[in-house]
Amino acid sequence: MSTSTSSQGHTLRDSQVAALTSLLSLNPPASSLPSSSSTTPASSLVPNSANAIPTWKVLIMDKVAQDVVATSLRVQDLRDQGVTLHMQLHADRPSLPDVPAIYFVSPTSANIKRIAQDLSKALYASSYINFTSALPRSLLEEFAETVAKDGTVEGVEQIYDQHLDFLVLSPSLFSLSPSLSTPTLSPSSSYTTPTPAPGTKPGAPESYKSTYEKLNDPKATENDIEETTDRISRGLFSVLVTMGQLPLIRAPRGNAAEMVARKLDARLRDHVASSRGGNAFTAGGEGAFGRPLLVILDRNIDLVPMVSHSWTYQALVNDVLGMRLNRVAVEAPEAGRVTKKSYDLDAKDFFWAKNAAQPFPQVAEEIDLELNKYKTDASEITRSTGVGDINDLSQIDLSSNAANLKAAITALPELTARKHTLDTHMNIATALLQGIKNRGLDTLFQMEESITKQTKREILEAIRDSSKENPEDKLRLLLCFYLSASDSAMPKDDVAEYERALKETGVDMGPWEYAKKLRDIHRMSNLGAAPAQPATSTPGGELLKGFSSLSNRFTDRLRDGGIGGVGLENLISGVKNFLPARKDFVITRLVEALMDPSSASTQALQDTDDYLLFDPRAGRNARQAPSRGRQTFNEAIVFVVGGGSYVEFTNLGEYAARTAAGPGGAQGGVQGVRRKITYGATEIVPPADFLKSLGALSRAG
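Being a predicted model, the structure only gives us computed values, none of them experimental. (Residues numbered from 1 in each chain as written. Predicted model: local features only at pLDDT ≥ 70, side-chain atom pairs only at ≥ 80, totals over all residues. Heavy atoms only, no water.)

Participant: What exactly am I supposed to notice about the overall build of the protein chain here?
Facilitator: Along the backbone of the protein chain there are 24 helices and 15 strands. Each of the 701 residues in the protein chain was classed as buried or not, and the buried ones make up 56%. Nonlocal contacts in the protein chain, meaning residues at least 24 apart in sequence, comprise 79% of its contacts between residues at least 6 apart. Here the protein chain has roughly 29,600 Å² of accessible surface; of this, 51% comes from carbon and sulfur atoms. (Helix = DSSP H or I, 4+ residues; strand = E, 2+ residues; numbered from the N terminus. Buried < 20%, exposed > 50% of the residue type's maximum accessible area, 1.4 Å probe, protein only. Contact = heavy atoms within 4.5 Å. Areas by Shrake-Rupley, 256 points an atom, 1.4 Å probe, with all protein chains shown as cover.)

Participant: Even after reading the chapter, I still don't get the packing of helix α16 (residues 471–484) against helix α17 (residues 492–503), so can you show me in this structure?
Facilitator: Relative to each other, α16 and α17 sit at 170°, their axes nearing to 11 Å. What the angle tells us is that α16 and α17 run roughly antiparallel. Pair α16 / α17 crosses with left-handed handedness. Here Lys474, Leu475, Leu478, Phe481 and Tyr482 of α16 lie close against α17, whose contacting residues are Val495, Tyr498 and Leu502. Counted by class, the contact of α16 with α17 contains seven nonpolar, no polar and one charged residues. (Axes fitted to C-alpha atoms, helices over the stretch in contact; angles between N-to-C directions. Parallel < 35°, antiparallel > 145°, perpendicular 65-115°, else oblique. Left-handed = near helix turned anticlockwise from the far one by under 90°. Nonpolar A, V, L, I, M, F, W, Y, C, P; charged D, E, K, R; others polar.)

Participant: Help me out: how do you make sense of the packing of helix α1 (residues 12–24) against helix α7 (residues 222–243) in this one?
Facilitator: Geometry of a packed helix pair, given as the angle between the helix axes and the separation of the axes. Two numbers describe how α1 lies on α7: the axes approach to 9 Å, and their chain directions differ by 85°. With respect to α7, the element α1 is oriented roughly perpendicular. Contacts between α1 and α7 involve Leu12, Ser15 and Gln16 on the former and, on the latter, Val239, Thr242 and Met243.

Participant: What is the right way to read helix α10 (residues 313–321) from this model?
Facilitator: It helps to recall that an α-helix has 3.6 residues per turn; residues three or four apart then point in one direction. For α10, a buried count of nine out of nine residues is recorded, marking the element as mostly surrounded by other parts of the structure. Every buried residue belonging to α10 is among Tyr313, Gln314, Ala315, Leu316, Val317, Asn318, Asp319, Val320 and Leu321, and all of these are buried. In the segment just after α10, Gly322 is the residue with positive phi, at about 70°.

Participant: I tried to follow the confidence of the model for the protein chain on my own but got confused; where do I start?
Facilitator: A low pLDDT score tells you not to read the predicted coordinates there in detail. In this model, the protein chain carries an average pLDDT of 81, and 74% of its residues clear a pLDDT of 70 or more. Confidence over residues 5–9 falls short of pLDDT 50; this stretch has 20 contacts with residues more than four positions distant or in other chains. Segment residues 527–536 is flagged for pLDDT under 50; beyond a separation of four residues in sequence, or across chains, it makes 24 contacts in the model. (pLDDT = per-residue confidence, 0-100.)

Participant: In this structure, what is going on with the sheet that holds strand β15 (residues 676–681)? I would like to understand it.
Facilitator: Sheet strands line up and pair through hydrogen bonds in the backbone, either parallel or antiparallel. Pairing in this open sheet of seven strands is mixed, and the strands run β7-β8-β15-β14-β10-β9-β13 from one edge to the other. Looking at the sheet topology across the chains shown, the edges are occupied by β7 (166–170) and β13 (612–614). Direction aside, the axes of adjacent strands within the sheet are offset by 20° on average. Direction of pairing for β7 relative to strand β8 (residues 173–176): antiparallel, over a ladder of four bridges. When the bridges of β8 are listed, Ser170 appears paired with Leu173. Of the strands in this sheet, β7, β8, β14 (635–641) and β15 are in contact with helix α23 (residues 646–658), which crosses β15 at around 170°. (Pairing = 2+ DSSP bridges.)

Participant: Sorry if this is basic, but what is going on with the packing of aromatic side chains here?
Facilitator: Aromatic ring pairs: the centre-centre distance and the angle between the two ring planes describe each pair. Tallying each qualifying case throughout the model produces 12 aromatic pairs. An aromatic cluster of three or more residues is present, and its members are Trp311, Tyr313, Trp352, Phe360 and Phe445. Residue placement shows Arg519 over the ring face of Tyr482; its charged tip is 4.9 Å from the ring centre. (Phe/Tyr/Trp six-rings, centres within 6.5 Å; stacked < 30°, edge-to-face > 60°. Lys NZ or Arg CZ within 6 Å of the ring centre and 35° of its normal.)

Participant: What am I meant to see in the side chain of His271 here?
Facilitator: Residue placement: His271 occurs in helix α8 (residues 256–274). Each residue touching His271, except ones within four places of it in the same chain, is listed here: Phe237, Asn279, Ala280 and Phe281.

Participant: What's the story with the pairing of β7 in this structure? I'm lost.
Facilitator: The side chains of a regular strand alternate, first on one face of the sheet and then on the other. Burial analysis of β7 places five of its five residues in the buried class, which makes it a mostly covered element. Connecting the antiparallel pair β7 and β8 is a turn made up of two residues.

Participant: Explanation requested: α17 in the structure shown.
Facilitator: Its 12 residues place the ends of α17 17 Å apart at the C-alpha level, agreeing with the 16 Å of an ideal helix rising 1.5 Å per residue. Looking only at α17, the buried set comprises Asp494, Val495, Tyr498, Glu499, Ala501 and Leu502. Buried residues of α17 fall within an arc of 165° about the axis and therefore sit on the same side. Away from its buried face, by an angle of more than 90 degrees, α17 presents the exposed residues Lys492, Asp493, Arg500 and Lys503. (Expected span 1.5 Å × (residues − 1). Arc of directions from axis to C-beta.)

Participant: What exactly am I supposed to notice about the pattern of salt bridges here?
Facilitator: Here the idea is simple: oppositely charged side chains can pair when their charged atoms come close. According to the stated counting rule, one finds 37 salt bridges in the structure shown. A salt bridge links Asp217 to Lys209; its shortest N-O distance comes to 2.7 Å. Each of the two residues, Asp217 as well as Lys209, counts as buried. For Glu414, the salt bridge identified is with Arg418, shortest N-O distance 3.2 Å. Of the two residues, Glu414 and Arg418 are both situated in helix α13 (residues 402–439); the distance of four residues between them amounts to about one turn of the helix. (Salt bridge = Lys/Arg side-chain N within 4 Å of Asp/Glu carboxyl O.)

Participant: Could you clarify how one ought to interpret the nonpolar core in this entry?
Facilitator: Soluble, globular proteins show a tendency: their nonpolar side chains are buried together. Of all hydrophobic cores here, the largest spans 153 residues; its most connected members are Phe104, Ile296, Val317 and Ile428. Top element by residues in this core is α13. It accounts for nine residues. With near-sequence residues (within four places) excluded, Val317 lies in contact with Gly322, Met323, Val328, Leu345, Trp352, Ile428 and Leu432. (Core = buried A, V, L, I, M, F, W, Y, C linked by side-chain atoms within 4.5 Å.)

What follows is the structure, given as structure tokens:
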């Protein structure tokens, strides 16, 4: 059985797309693919050239593999690779005896039995079997025994371990797939609810425990913790194999992050030592920035990013609209009525790729600028061709406007696609504005920006504010305040008064009770970081144009859609228009201390100096690597055990964007190049779902 490795890409998504396109091209030899040093973008890392006729085939996936593909490829990408049909493994499928089949499934006994059944029925001309992660030897032997008994061995062309058991939600953002960490069931989740195991009743509570719950459940046994951390280490191993990089590993002592780091280090050492003639890191495990740093952290180091409100586009879409697997559903005007539409937001959406991490008012301004640009380009085409509207090009006199018609037809597909993208984000921005006003998210975010400066009176006023519809938002504000404040700023009498005010909102008090318990544990054991004090921040600014221009555009759009008398003025009135201040969360400050000690705070350096260091390149029998002192890195992979958030991802991205690699001393670094950070977690958890996990743990004991 072979292990598939991918070309080194600019981002994790580049690497994953390269691996997926290789899989869809029947895993051609590595020599026929671009070299690892190639700077070819992922969109062109396709073995089928434009002039080649692809091999037509069908793609068969289980739910796990389907989610992996859905976050990085579109249906047209499958078509480009010759995939004429994609189907579910366990669904009824027609026989196509003249067509080869690609199986992309997770390595489970149920899946290999179903594949063996397909082979016995000769459903397809040949089978190319790809597993999302390493197939255990016991299952491989079971499969081999079955196909040998059935006499269907000749129907199997390939069996590959693809190491793709993770979801890439943004070019530098990933989460482990549901087969590795089972998320809490929620309609607003950014991850996928797993299919219950055979014999398990759908909806059973155990089926939907988040990783954070599993690792912090007081009733969890040692075997439960070992199994969960082992699954996480396998998922991280897949990420590193896909990236083709062998990092140095740092992790704090005494928590789940240390267990994952030790298991991952052992797995990497075994892989390097046991692979004959080469392994996934044969090229040295170094990227363009040199050998990277992998920082594995425990979620309990800082809970604030999991419950805080955000003012950036991507985080707001996740929090307000319940983005799931990069898909979001909103209500939009069409033909005189409001209908519900679903949109895919991914790297091929030029507006999303550019503005996902931007503050929302700036996104509103960008929509206006892009719409003006579109209007100018469309006007130029109509002027040159003599038609009144860009949709009337078919009415052109072909004999007198041949040259102009050719230019117009060439430009029309791009203009049409651009207009569709802008309409998409106009509808999303409008839905966000409605949510922002209904929930008072602008006020809550502004308070959390300077949370340690808030007074008792201001916090109580916000909790008792009847204009804020969602009591969970008030709970999140109080949690941010409580987890960020020093002990002296939280007298017991004040805490009791906050609790009384919070209970009056009718919100579930479980998350609050668990947060108090967790803070007491940290205080007694001195584990984890200190309360999350904001770093020195730069004041935010005003974007006076953003909302007003969006209002004008949307009013016109509603009129065009046949809905009169409706505009954004009522939504925008009272919604604050500002840019966020610059501040770093706890994990960002810890990563800074590990990547660039010269610019880190003294407290962050003291916290990270005691972190464990693992070097998987040292070999299977080598001891744990001794401390090498403080080093500088230009590339890091930051992984949080227990869940991550778009807020934290954006915060790390902001740090990377403003930080250039320092001169000299950078390990394999490139002077003058900004630092590169890839962020991942067991799950990317919406704030509402994380509150549910905290509540469940509070009730567990």
